[in-house]
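Coordinate inspection notes
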Amino acid sequence: MIHLSPAAIAEVHRIQSKATHPNIAVRLSVKSGGCADFYYALELDDAIATADYIQTCDGLQIVVDADSLPYVDGLKIDYTEDLMGGGFRFDNPNAVSNCGCGNSFSVNSA
Ligand code: FES
């Protein structure tokens, strides 16, 4: 299960409102790379596959592909702003280390 803070939900709704259609799903995925081993990707997507994990949260449809799901189960996503700008922040119980910006992480490879 993915947990989004009220601020993260509000920001996604704001971005969705500018999309081609307002109920487009939010795809969360994990990709190889970043300053640690993996990094998070968030994008709007209306191409949902049958193998995708789908979760509804405050009217948002969150979609995760099967390969990414073990890396993000229990992930908490927040959105904060400071003088340098705003961004989504990730708190991942599966991560054993995180990069400085928090967008990249490592897991135990046992
Ligand atoms: S990905 Fe380089 S500091 Fe976070």
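Counting of residues starts from 1 at the beginning of each chain's written sequence and follows it residue by residue. The predicted nature of this model means local features are confined to residues of pLDDT at least 70 and side-chain atom pairs, given and counted, to a pLDDT of 80 or more, with totals for whole chains, interfaces and linings taken over all residues. Side-chain descriptors were evaluated using all non-hydrogen atoms of the structure, hydrogens and water having been removed beforehand.

Some points on the sheet that holds strand β4 (residues 53-57)
In this scheme, strands are said to pair when DSSP sees at least two bridges between them. Put simply, DSSP H or I for four residues or longer makes a helix, DSSP E for two residues or longer makes a strand, and each gets a number counted from the N terminus. Ordered in space as β4-β5-β2-β3-β9-β8, the 6 strands form an open sheet in which the pairing is mixed. Since the sheet does not close on itself, it has two edges, and those belong to β4 and β8 (97-98), each with one partner. Both strand β2 (residues 25-32) and strand β3 (residues 38-45) contribute to a ladder of 8 bridges, which runs antiparallel. Looking at β3, one finds that Val26 is bridged to Leu44. It only takes one pair of heavy atoms within 4.5 Å for two residues to be counted as in contact. Axis geometry follows a simple rule: fit a line to the C-alpha atoms, using only the stretch in contact for helices, then measure angles between N-to-C directions, giving values from 0 to 180 degrees. Strands β2, β3, β4 and β5 (60-64) of the sheet are contacted by helix α1 (residues 6-16), whose axis makes an angle of about 95° with β5.

Quick notes on the packing of aromatic side chains
In this scheme Phe, Tyr and Trp rings, the latter by its six-membered ring, pair at centre separations within 6.5 Å, and the angle between planes marks the pair as stacked below 30 degrees, edge-to-face above 60, and tilted otherwise. Applying the stated rule across the entire model yields 5 aromatic pairs. Ring geometry for Phe38 versus Phe105: centroids 5.8 Å apart, planes at 35°, classification tilted. In this pair, Phe38 sits in strand β3 while Phe105 sits in strand β9 (residues 104-106), placing the two residues 67 residues apart along the sequence. Put simply, the rings of Phe38, Tyr40, Tyr71, Phe90 and Phe105 touch in pairs and so form one group of aromatic residues.

Some words on the sheet that holds strand β7 (residues 85-91)
Strand order in the open sheet formed by 3 strands is β1-β6-β7, and the pairing between neighbours is mixed. On the outer flanks of this sheet lie β1 (3-4) and β7, each paired with one strand and no other.

Some words on α1
Exposure is judged per residue with a 1.4 Å probe applied to protein chains only, and the accessible area is read against the type maximum: over 50% gives exposed, under 20% gives buried, and values in between give partly exposed. Those residues of α1 that sit buried are Ala8, Ile9, Glu11, Val12 and Gln16. Seen end-on, α1 carries its buried residues on one side only, within an arc spanning 165°. Throughout, the arc means the angular range of directions from the helix axis out to the C-beta atoms.

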